[in-house]
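Remarks on the overall topology
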Amino acid sequence: MTGPAWSRPAAGREPAAAALLAWLSDAGAPRLCVVTGSAGCGKSSLLAWLIGHGTRDGERPERRVHGFVPLAGQTALTAAWTLARQLSVAARTPGELLTALSADDRRTVLVLPELHAAEDPAALAELAARLAESPHVRVLVEVRSGSAEAGTLTRPPSAVMDLDETRWTDPERYAAWTAGRPATGPVPPPEPETVGTVDLDDPAAVCAADPWQVSVRYERSGDGHGGLRAAWLRAGASLTHEPNPADRAMVLLAALGDEADPRLPDRLAGLADGAAWRVVWRRVRGDVRPPWPGPARALSSGHGRLAGTAVVADHQGTVRLVGEADGAPVGRLPEPVGRVAALTVTAGGDVLVLDTLGGLHLRPAPAAPRATGLAALLEDGPTPLERLVETVRARLRNRPRTLAACGDVLTVADDTGHLHAFVCRDGETVPSTVRLHEGAVTALAALDLAAPGEDGPGIPLVYSGGADGKVRAWGPGAEPLAVPVRSRTCPVTALAAAATGTGPVLAVGWADGLVEHHRLDDGTVRAYRPGLAVHALALTDSGDLLVGTDETLVCLRPVTVAP
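Residues numbered from 1 in each chain as written. Predicted model: local features only at pLDDT ≥ 70, side-chain atom pairs only at ≥ 80, totals over all residues. Heavy atoms only, no water.

Re the overall build of the chain
Formally: Helix numbers and strand numbers start at the N terminus; a helix is a DSSP run of H or I with at least 4 residues, a strand a run of E with at least 2. Values of the radius of gyration come from C-alpha atoms, whereas the globule rule sets the reference at 2.2 Å times the count of residues to the power 0.38. For each residue, the accessible area found with a 1.4 Å probe, counting protein chains only, is set against the maximum for its type, and the residue is called buried under 20%, exposed over 50%, and partly exposed in between. Pairs of residues are marked as contacts when any of their non-hydrogen atoms sit within 4.5 Å.
For the chain, the helix and strand inventory stands at 14 helices and 28 strands. For the chain, the C-alpha radius of gyration of 27 Å lies close to 24 Å, the compact-globule estimate for 563 residues. Taking the principal axes of its C-alpha atoms as reference, the chain extends roughly 100 × 55 × 45 Å. Here the chain holds 563 residues, and 51% of them are scored as buried. Residue pairs in contact within the chain that sit at least 24 positions apart in sequence constitute 58% of those at least 6 positions apart.

Quick look at the packing of helix α10 (residues 228–239) against helix α11 (residues 245–254)
The cut-off we apply is this: Interaxial angles span 0 to 180 degrees and are taken between N-to-C directions of axes, which are lines fitted to C-alpha atoms, for helices over the stretch in contact. Relative orientations are named as follows: roughly parallel for angles under 35 degrees, roughly antiparallel for angles over 145 degrees, roughly perpendicular for angles from 65 to 115 degrees, and oblique for any other angle. Handedness of a crossing is defined here by the sense of rotation of the near helix relative to the far one, left-handed for an anticlockwise turn of less than a right angle and right-handed for a clockwise turn. Ten residues, namely Ala, Val, Leu, Ile, Met, Phe, Trp, Tyr, Cys and Pro, are considered nonpolar, four, namely Asp, Glu, Lys and Arg, are considered charged, and the remaining ones, Gly among them, are considered polar.
As a packed pair, α10 and α11 sit with axes 8 Å apart at the nearest point and diverge in direction by 120 degrees. Considering the angle they form, α10 stands oblique to α11. Both α10 and α11 take part in a crossing whose hand is right-handed. Listed contacts from α11 to L228, A231, W232, A235, S238 and L239 of α10 are R248, V251 and L252. Of the residues contributing to the contact of α10 with α11, the split by class is seven nonpolar, one polar and one charged.

A short note on the nonpolar core
Applicable threshold: Only buried residues count toward a nonpolar core, which is a set of Ala, Val, Leu, Ile, Met, Phe, Trp, Tyr and Cys residues joined through side-chain atoms within 4.5 Å.
Ranked by size, the top nonpolar core spans 45 residues in total, and within it M250, Y528 and L537 carry the most contacts. For this core, the element with the most residues is α10, which contributes seven residues. What L537 contacts, discounting residues up to four positions off in sequence, is L299, A494, L495, A496, A507, V508, G509, V515, L545, L546 and V547. Counting residues in hydrophobic clusters, the runner-up holds 31 residues, among them V34, A80, V139 and V141.

Focus: the pairing of strand β18 (residues 441–449)
Cut-off, in case you're wondering: Pairing between two strands requires that DSSP report at least two bridges joining them.
Among the nine residues of β18, seven are classified as buried, and the element is accordingly described as predominantly covered. Where β18 lies against strand β19 (residues 459–466), eight bridges are found, and the strand directions are antiparallel. Paired with A446 across the two strands is V462, which belongs to β19.

Here we look at empty space enclosed by the protein
Here is the rule: In this analysis the probe radius is 1.4 Å and the grid spacing 1 Å, with only protein atoms considered; a cavity is a set of points the probe fits into but cannot get out of, a pocket is an open set with protein on both sides within 12 Å along at least five of seven lines, and lining residues have an atom within 4 Å of a point. Grid points are joined across faces, edges and corners, and a volume is the space filled by probe spheres set on the points.
Under the counting rule described, the total for this entry stands at two cavities of 30 Å³ or more. Within this model, the largest cavity holds a volume of roughly 140 Å³. Lining the largest cavity are 15 residues; nearest its centre among them are V89, A90, A237, D512 and R529. Contributions of two or more residues to the lining of the largest cavity are made by α3 (76–86) and α10. Top element by residues in the lining of the largest cavity is α3. It accounts for three residues.

Remarks on the pairing of strand β27 (residues 545–548)
Across the two faces of β27 the burial is the same, with L545 and V547 and L546 and G548 all buried. When strand β26 (residues 536–539) meets β27, the two strands line up antiparallel, connected through four bridges. Note on β27: the bridge partner recorded for L537 is V547. The loop that links β26 with its antiparallel partner β27 comprises five residues; one of these, G543, has a positive phi angle of about 105 degrees. Looking at chain direction, β27 and strand β28 (residues 552–558) are connected through four bridges and run antiparallel. Following the sheet pairing, V547 is matched in β28 by V554. Counting the residues in the hairpin turn of β27 and β28 gives three residues.

Here's the deal with the pattern of salt bridges
Where we set the bar: Each salt bridge in this description consists of a side-chain nitrogen of Lys or Arg and a carboxyl oxygen of Asp or Glu lying within 4 Å of one another.
Per the stated rule, a full pass over the model turns up 25 salt bridges. Via salt bridges that share partners, R92, E96, R234, R285 and E551 belong to a single interconnected network.

Quick look at the packing of aromatic side chains
This is how the line gets drawn: Geometry of aromatic contacts follows a simple scheme: Phe, Tyr and Trp rings, the Trp one being its six-membered ring, pair when their centres are within 6.5 Å, and the pair is stacked under 30 degrees between planes, edge-to-face over 60, tilted otherwise. Charge-over-ring placement is defined geometrically: NZ (Lys) or CZ (Arg) within 6 Å of the ring centre, and within 35 degrees of the ring normal.
Counted under the stated rule, the structure contains two aromatic pairs. An angle of 65 degrees between the planes, with centres 5.1 Å apart, marks the rings of W6 and W49 as edge-to-face. Linking W6 in the segment before α1 (14–25) with W49 in helix α2 (residues 43–54), this pair joins segments that are 43 residues apart in sequence. Judged by its relative accessible area of 17%, W6 falls in the buried class. A relative accessible area of 10% means that W49 is categorised as buried. Taken together, a centroid distance of 5.9 Å and an interplanar angle of 45 degrees make the contact between Y218 and W232 tilted. Taken as a pair, Y218 in helix α9 (residues 211–220) and W232 in helix α10 lie far apart in primary sequence, 14 residues in all. Accessibility classification places Y218 together with W232 in one group, the buried group. The ring of W6 is capped by R63, whose NZ or CZ atom sits 5.3 Å from the centre of that ring.

Quick word on unusual backbone geometry
One can expect most non-glycine residues to show negative phi and most peptide bonds to be in trans. Residue P157 is reached from P156 by a cis peptide bond, and omega for that bond is 10 degrees. Counting through the fold element by element, P157 comes out in the loop between α6 (148–153) and β5 (159–162). Within the chain, A11 stands out as a residue other than glycine whose phi angle is a positive 65 degrees. With respect to the secondary-structure elements, A11 resides in the segment before α1. According to the relative accessible area criterion, A11 is buried, its value standing at 10%.

Considering the sheet that holds strand β4 (residues 137–142)
Reading across from one edge, β2-β3-β4-β1-β5 is the order of the five strands in this open sheet, with parallel pairing throughout. Only two strands of the sheet have a single neighbouring strand rather than two, namely β2 (67–68) and β5.

Some points on the sheet that holds strand β21 (residues 486–487)
Spatially, the four strands line up as an open sheet ordered β18-β19-β20-β21, and their pairing is antiparallel. At either end of the open sheet lies a strand with only one pairing partner, and these are β18 and β21. Sheet topology note: the β19/strand β20 (residues 470–474) ladder contains four bridges and is antiparallel. Across the sheet, V462 pairs through a bridge with W474, a residue of β20.

Brief notes about the side chain of E14
In plain terms, the rule: Polar contact is defined as a pair of N or O atoms within 3.5 Å, subject to the rule that within protein one atom must be able to donate a hydrogen and the other to accept it, and that residues adjacent in sequence are counted only when both atoms are side-chain atoms.
Looking at the secondary structure, you find E14 in helix α1. A polar contact is formed between the side chain of E14 and the side chain of R8, at a distance of 3.1 Å. In this structure E14 touches R8, P9, D170 and R173, once residues within four positions along its chain are discounted.

The values reported here are purely geometric and, on their own, carry no functional implication.
Below, the structure written as structure tokens:
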């Protein structure tokens, strides 16, 4: 693959440019390359040349630049947010960015200009070095000679290019370039950016100000600002993405803990007027009134005996029940399940839980009546649901990864891209299998579409999301839709589907932290970014959307915004 042509760099820097391209293509080269030199020697221009060419569509893989952040005025936290967005991962902190990149073994090239002008150069130098520890990550950093960070980063085994050395410049081309430039004086140091007189205690002020500078100010501040600081830094990856103050207010409210100034929720709700969502309730790590239910690794809305209740599984396998209307605790299932991969609630209110080892567990609804006396003797066999669970366990060769249920259909999926549906008909279980994805199926959702003019069970429709970035639709027993419902360049992390009072809805969570809400009748799409990795979604019968992360559980209601 040849890729598009590259132009010459300015200032006679052809030798330096050739060395950078050789470093990119040399599998044995150090993973960290440091471009250094005195002020005004052309470091930033050289890296801008590399970024401008390396980020073009169709660039050959060995020259591709995947992420870059001009570091002037940045902190390690804000730089991590920018890199995460460019790399299509969700990261609230530099540590989460490191974890996400180490888990993805695809080649990744990052360019970090102007480290010497950063708000916190030492922390960013450490982040650059840590990023380069992953064997599939290359990091190119610009830092001015003589700085403490230059001394740290240029130690072996780093590759070092000092542009003050004559070997990195073609003298004839440099002379011609210099002759064509207007005379300039010494390059002054960059002026630190400020946010003027923005009051960090005022939610209206911070939602309207430059979000990047507000982030830096909150990070430097030792004050809690009534709870605004913690909420902003929790959701900052989203707040710096949202251009609209009303949307920022909504995101900030969703991340606000109960330790905050009690006046803030109403203030933020008012400021969020005009946003596409209304925050119905929220539970944030540390909340006690009512308590936060823990990291939401799996979610399902309740049905049957669990109607009006959401089922939430945490990272330790504890399955809790909370009210869909207010998020208040209702109870928990008596037996933990280990590490939960997915869960679903049947039409009768029983809970099916899939653990990360592929084990399928049935937990009857807590309020389910139990037979006694003669009835208990007559009903001493497995229930239809228990027989279905046993059939699924016996038939699946590949370890299931996720599941969904609706009506009389239970669907599970695996790491090979296959979906396996089990339909209960007249006391018999009818299986069907289809392969819809390249690689693992990461999420499933299912709903019953009502047949026009008919009562009784609807038509089952299963949605699947994969590591291949596609969302597919399939009616068990029929051919799947040939075209994906949705396709992006990052994996699907969560799905939910429901026939709500306003029509059928599909919600999709993506690995970059985006949540999409699709109204299937009219094609309306709403988006929400919590600023955190999205692990689980659920849709209530009334149309509310539950979004589960490691830090928050939020209930959102779609709002029709007037044009």
